[in-house]
Amino acid sequence: MHQCGVETSVAASECFTVLNIHSTDDEDEDVLLLMSDHDPGVVEAQSHETQPYYPDHRSAAWGSLPKQNHLADCLVLGLETTRKEDSSGFGPVLEEEPMDMVYPEESSEEKITLTCRSRASPPPQYRWLLNDTELLISEGDSHFSLSEGNLIISHPERHLHTGNYTCVSSNVYGSVVSHRASVQFGYLDMFSTDDREAVYVKEGQGAVLLCAPPPHYPEDLSFRWMLNDFPVFITQDSRRFVSQGNGNLYIANVQRGDRGNYSCFISSGSIPKNVFSKFIPLEPISERSVRKYPADIKVKTPNITALVGQNITLECFALGNPVPDLRWRRVDGSGSDLHASGSGSLLRLQQLQYKDQGVYECEAHNSKGKDRHQTHLTVEGAPEWLQTINSAEIGVGGEFAMSCLAGGKPKPQVHFLKNGLMQLLKGEEINFPALTVDDSGMYQCVAENIHGMITANAELRVFTSAPSFVRTPVKPRLLGAKNNRVVIPCKPRAAPPAKISWSRGTELLHNSSRIFIWGDGSLELLNLSQADEGKYTCFAENHLGRANSTGSLTITDATIITLAPSNADVSVGEGVRMECGASYDPILDLTFIWSLDDHEINLENEREREHYQIKMDLNGSGASGSELLISNTQLHHAGRYTCTAQTPVDQTTSSAMLLVRGPPGPPGGVRVDEVKPDSCKVRWSPGSDNLSPISKYSIQFREAEAMPDWRDASTSPATVEGNSEMATVLNLTPWTEYEFRVFATNTLGTGPPSEPSPRVFSTEARPIVAPSDVGGGGGTSRELTITWTPVERRYFFGSGFGYIIAFRPEDESEWRRVTVTDPEARRYVHKDQRMAPASRFEVKVKAFNSQGEGPFSQSAFIYSALDVPAEAPVLTEVRALSATEVIVVWIPLQQSTLEGYQVRYWRDSLDGEASALRVLVSGRENHTRLDHLRPDSQYLVEVRAYNAAGFGPAGPRSRITTKRAPPSRPPKIIGTKMHYSGGSINVAWERVEALANESSVAGYKVLYRPEGQPSGNLYTTEKHSIDLPLMKGLYLVEVRAHSEGGDGAVAQVRITGSSSLASPTLGFFSTVFLGLLLRFLL
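All of these numbers come straight from a predicted model, not from anything done at the bench.

S.K.: Looking at this structure, how should I read the overall build of the chain?
M.R.: Helix and strand counts for the chain come out as five helices and 94 strands. Per-residue burial for the chain yields a buried fraction of 46% across its 1082 residues. Expressed as a percentage of contacts within the chain between residues at least 6 apart in sequence, the contacts between residues at least 24 apart total 64%. If you sum the accessible surface of the chain, you get close to 54,500 Å²; carbon and sulfur atoms cover 49% of it.

S.K.: I tried to follow the sheet that holds strand β7 (residues 111-114) on my own but got confused; where do I start?
M.R.: Two modes of strand pairing occur in sheets, parallel and antiparallel, and in both the strands are linked by backbone hydrogen bonds. Pairing within the open sheet is antiparallel, and its three strands lie in the order β7-β12-β11. If you trace the sheet from one side to the other, it starts and ends with β7 and β11 (144-147), each paired once. Strand-to-strand twist across the sheet, computed as the mean angle between neighbouring axes with direction ignored, equals 25°. Across four bridges, β7 lies against strand β12 (residues 150-154) in antiparallel orientation. Opposite Ile-112, over in β12, you have Ile-153 as the bridge partner.

S.K.: Help me understand the packing of aromatic side chains, please; the structure alone is not making it clear to me.
M.R.: Here the distance between the centres and the angle between the planes together describe a pair of aromatic rings. Applying the stated criterion to the full structure yields 19 aromatic pairs. Linked through ring pairs, Trp-788, Phe-796, Phe-801 and Tyr-803 together constitute an aromatic cluster. Sitting over the ring of Phe-856, Lys-844 keeps its end group 4.6 Å from the ring centre.

S.K.: Help me out: how do you make sense of the environment of Tyr-863 in this one?
M.R.: One can find Tyr-863 in strand β78 (residues 860-863). The exposure class assigned to Tyr-863 is partly exposed, which follows from its relative accessible area of 42%. Considering only alpha carbons, one finds Tyr-863 and Gly-779, 84 residues apart in sequence, at a separation of 9.9 Å. Those residues in contact with Tyr-863, other than ones at most four positions away along the chain, are Gly-777, Gly-778, Leu-784, Ala-838, Ser-839 and Arg-840. Looking at Tyr-863, its side chain comes within polar contact range of the side chain of Arg-840, at 3.4 Å.

Each value, and the rule that gives it
Residues numbered from 1 in each chain as written. Predicted model: local features only at pLDDT ≥ 70, side-chain atom pairs only at ≥ 80, totals over all residues. Heavy atoms only, no water. Helix = DSSP H or I, 4+ residues; strand = E, 2+ residues; numbered from the N terminus. Buried < 20%, exposed > 50% of the residue type's maximum accessible area, 1.4 Å probe, protein only. Contact = heavy atoms within 4.5 Å. Areas by Shrake-Rupley, 256 points an atom, 1.4 Å probe, with all protein chains shown as cover. Pairing = 2+ DSSP bridges. Axes fitted to C-alpha atoms, helices over the stretch in contact; angles between N-to-C directions. Phe/Tyr/Trp six-rings, centres within 6.5 Å; stacked < 30°, edge-to-face > 60°. Lys NZ or Arg CZ within 6 Å of the ring centre and 35° of its normal. Polar contact = N/O pair within 3.5 Å; in protein donor to acceptor, adjacent residues only side chain to side chain.

Structure, rendered in structure tokens:
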């Protein structure tokens, strides 16, 4: 005899009617029935005496609930079994992880924040590790504190806080660990305060100014160079280059205008700080004839290893005169030139890929020579996931595997963590042959190589449960079409897995020729008929309990194609129309789907919408139709078109073929053989004729080195018939690299070109082009200089290219021949001590290669070099004008070939003759002024004459001492007073006393000028005041002491014509600037 009581309860967002059937017999079981209000077709039965096993932390959670009576006890057990409330919780999922950081040692913000945030339910707890040792953070800690999950380091110190930090996030479901984050302390020291030595370089030679960065961390520095003052930075061009590798400044060839003071300016990408070096004086040494120097690469990027996705820059810069041209190419690739920036100095490789690994060559060349440097680039990669782990909820006793796969170079090592602890088994997979609840937890797959580490997180939750259809009931309304099949899934939640059985009404179903129960519990019915309608119930049972769920099956009429699409045959550009009709059960919804070769036509795709249009006639009466319209048909539209009439229950299809005729496809397998100097044979395999016979072929070519546009080739036969597979290409250039492509043509047009053929070189032949612009003359004594314009490379016609120079005196019949093997050569200098100066010669030049010699150029007549001047100029006066200027005068030479004079001067016994500076003076002058000299210093001066042949001998040297420096202190203006007449104003100043090392004051110079204008009236006086006429407007009065060493520092006062008094304002200008200004005014 059973008693039945009815109660209701709400738990875990599910409302159940609880039927508790109490047995009057103590030995009988109590049975708990839970009927879901959401799905009356789901009935669950649970034996009260069956106790599932859970991890301790979950048991504790449930154990805290009050057990008021037997019913409540059963309810708690039912909720525990289905894990409905447990499913709302989850383990930590990291959303923010700490990042590597560099903390500037001079930072005003004395705090480091490492971020760590995870999503979890219940909320997580956080711990931090430093170098794998847990930080014990307590209240009042002077350095470490936590803000939610973030670690805050106050008053950071390098020796205490440098290292690798790891965040650990935990809750009752497990723990996960973050990436390791490195904390380093950054610094950028000041440059040394020692003076930098001056650099003396001859004009035309290259120069390197060393930066020598001070101690620093990290290495992310950027370099610029200042010239003379801040913030005047030099502009990089083809002649000047700043290496971002070492910071040095490179000047390909020094010019006179490069004179100045240079300072290396450094910025850090991690530290808000800039530093700059002491100035380095650069002093170009003047040359009468600036020499040329071959290209010499000084900036060479060493072999480098970079990561996939990075952007890198390869540097290359060469010294030389003329400025070398720079060219980059990949040696182990196509060999073609690469585009570089920065006048060719910088090769930027963006978003590196593994295919970019290789050897990159920089070539520098000018008229004097070539230089090359190769950099080996190795591309590696940090770990990246190819396959990761995913969270899973698996029943106890089930099989499960976690696997992850990572790519990278070198190949990453993979291991697993559970709750932050290393698992004993290393590898890319963990297998669980029979899961237990102890296997629950937070798992992390870790992949790392020398370039980094990545983690993938997942939660594994192992549960036990009686069968339940609360989450996955059988679908209550099921549909099946006549003569078709239907599959009814049955997937209860159960652990261990439930045993499945099915019934229709009250009839228990078994496997037969029409009925099959799959291994996963699904029921399949074949060849449906009206008799198969009814209610189908799935029963699930394991040792923890049993449950069932029911759905109702309705049989509908089958869908049938009544109008099938028809085959079509069109030409490219024409339109096509295909029709399709179907009958179906009116209680169902019908749609038509069109596809081409199993690819569904999607009108949301813009490219497909451009050609396709689909129309439908869906009247709901059981018969409908659809049209597919194709406009501007192309070759790729050909194929099998399928119309699918589809309802929620079944579908049926019908297909038709569309043939599209068009221009031929590209020929294949283009190859070249029988190569000669001016011809070759090109062969190919016919491509698709696209349903229209090929009528002819045409061939194009291009020269591989220059890579110009494709050009039509001359062929034999002139018209290549459509049945041909070979033609001879004519009029090629010898020893030139070519590639070829072939087009096919039919009555519908010309198709696309073939892929280019492999590159081939036409064979070598003798040159037929002679050098042009033959001329020359000049040079140094006893020399004959011959020049010409080199033959373009495309006319070399073979290897071993060079030039033969023939020359003879005008009055002789025998030619002298000289061979020059440099194909880029532009001049040849013949030296002969017996050669008379200014002798007339006939010269001509021709080219040669390994196949023979070409024709001579037209003859040209030139003259041999002059002799250098034999006589030395004699100095008549060397006089100091001031502390920084000397005038030099000499007796001019009477020679018709004279071009000018060179004046050399240097400080006696200090700098030495090797540091002599040079000034070139026109042959029409016999004097010059030397400036920028040191005050109170002794100099040696000499003069020599020069012409096109070189420098003559130097005359006797003269010794001169510059004046002592002018007064460095400006006059102190003590007042301005207007004359009672109002027509003038008196300006007075204090007497200037010269220092011991300065020239005595001889008087004063007063410049009276309108403000904003550089010139005005200049007055001199020996007094300490002066009367100046008062004029309208704003004027400046500049007063400076004058001495034999020059003019001293200046004092200023502003005078306004409408005011009786003016306020003095002192301005201090350098002695050099003042001297230059007065020279300009005088």
